[in-house]
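Breakdown of the fold
Listed below, chain by chain, are the residues.
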Amino acid sequence: MDHARHALIAVCLGLLAATAGCGFLAGGGAGSPTPPTATVGSGDATTTAAVTARPERPASTTTATPTAREGDLVTVGDNRTVNATLVFERVERLHGVDAERPTIVVGDGDERTVAAFDNPFFRAFDLTGTVGAGGRATAGREVFLDEDTVALETVLVHEFAHIVHQQQRWYPTGMISVSYDEGVAAYSVGEGGAEYTVEAYADRFDDEEIAGLQRNRQIYEHTDNALRLFTARYVTGATYVRSRVSSPSELEPVLSSPPETTEAVLHPERNVSLGNLTVSTADGNWSVVPGHYPSDADRRGELLVRELLRLELDRAVADSAADGWDNDRSLTLVAPDGNETAVAWTLRWENRTEADEFAAAFDRFAERRAANSSLRFSSERVAPETVTVFAGNETFVDGATATGSNESVWIAAPGVDGEAGATTDLSRPERSG
């Protein structure tokens, strides 16, 4: 993690309740001495991807920065300094509100690293790694800055935007218990609002040191593997926000009422409706991890489908295969010994053709993913519009089954001996939803 803090995100769904902070995907501005890097593991491998610095902007035509008063300046690393009071006042003006400047704490971002894929769902797809914070805003009161942050002013603008949004209560309520998909949709819009503010700041004040959405797009395009799963939220969220507002002062309704699906974030022009879908299963040798729905399943959403496929497939193929998503339910299971995780993920598509395209793409994904992993992946066509995919060890993938219709699917996990469990065995509690 020597340089990862320059370009990694801290996961912060807690922001939706305005009690936790948000990590910043830091990157280099036009004056950065070297491109930032990002390191995220995928299985046993670790990849490092350099990010191209933002092209230089024309020389600034704004007036000189006023002389800073004592307490205005924030310094990190080897004397990289910024007038934080001036930056915060500018962010206030962009939003058209009065806010209280937060406390700024400078420290070691490596000490705030978190597991990037702590949900067992991701382990079944051989995704592991950690992310660190370049910056983080907490509860409208404090901003943390990594002492090695390169794009200092950019980080401050992003985090100050979150501070303003938190203080003004520009965030959704009722997000305590939502599906993974809905949580990521809201998270994306929240991050998109901060990224949109960075771009508006750069344009308004003609600041050649600011690197915003363009930087994140470069990271998204040029990095490898799992980091895209996080960067995509920033990029798609900012694009969505840009389609809805023309100024940061207009962000309140967008941030307070985000879409309920990542499909709606990806395709703001669509009138999104979900196809009917439930899954059922019974407790067996593989224990089901608690999830959002009564069956303990969760909804993962189009964005995750797209980015997961992109781990092994070309962008155009992955995007096209994910487009046409209509609903999904994922069951995450743990083996009897507690050491193995597995996933049975049922996806409904808008029509048979979309289901065909996804199934073909996933089969290519499965072959390539398994080639460099001890895990296995497969798909089963349940109905014309519905596909279930399995991920995990060989015993689970070979032994699990899915049966049912487009709207209702039964998942049977394998027994200890690897044979599929009886689909009519209701002696154990059955969950549906």
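Residues numbered from 1 in each chain as written. Predicted model: local features only at pLDDT ≥ 70, side-chain atom pairs only at ≥ 80, totals over all residues. Heavy atoms only, no water.

Some points on the pairing of strand β18 (residues 408-412)
Along any regular strand the residues' side chains alternate between the sheet's two faces. Counting buried positions along β18 yields four of five residues, so the element is predominantly enclosed. Direction of pairing for strand β11 (residues 278-282) relative to β18: parallel, over a ladder of three bridges. Bridging across to β18, T278 finds its partner in S408. The hairpin turn running from strand β17 (residues 401-404) into β18, its antiparallel successor, is three residues long. (Buried < 20%, exposed > 50% of the residue type's maximum accessible area, 1.4 Å probe, protein only. Helix = DSSP H or I, 4+ residues; strand = E, 2+ residues; numbered from the N terminus. Pairing = 2+ DSSP bridges.)

Concerning the environment of R123
Note on placement: R123 falls in helix α2 (residues 120-123). Through-space distance from the C-alpha of R123 to that of V343 is 9.3 Å; in sequence the pair is 220 residues apart. Sequence-distant contacts of R123, that is, excluding residues within four places in its chain, are made with F117, D118, T341 and L375. (Contact = heavy atoms within 4.5 Å.)

Describing the packing of aromatic side chains
Counted by the stated rule, this structure contains 16 aromatic pairs. Taken together, a centroid distance of 5.3 Å and an interplanar angle of 35 degrees make the contact between F362 and F365 tilted. One end of the pair, F362, and the other, F365, are both in helix α11 (residues 352-371), three residues apart, so they sit about a helical turn from each other. Of the two residues, F362 and F365, neither departs from the other in class, the shared state being buried. Taking 6.1 Å as the distance between ring centres and 70 degrees as the angle between the ring planes, the aromatic pair formed by F390 and F396 counts as edge-to-face. Comparing F390 with F396 shows no difference in burial state: the two are buried. Put simply, the rings of F121, F122, F125, Y180, W345, W349, F358, F362, F365 and F377 pair up and form one aromatic cluster. (Phe/Tyr/Trp six-rings, centres within 6.5 Å; stacked < 30°, edge-to-face > 60°.)

Focus on the environment of T138
In this fold, T138 is placed in strand β9 (residues 135-138). According to the relative accessible area criterion, T138 is partly exposed, its value standing at 25%. On a C-alpha basis, the gap between T138 and I163 in space is 7.5 Å, while along the polypeptide they are 25 residues apart.

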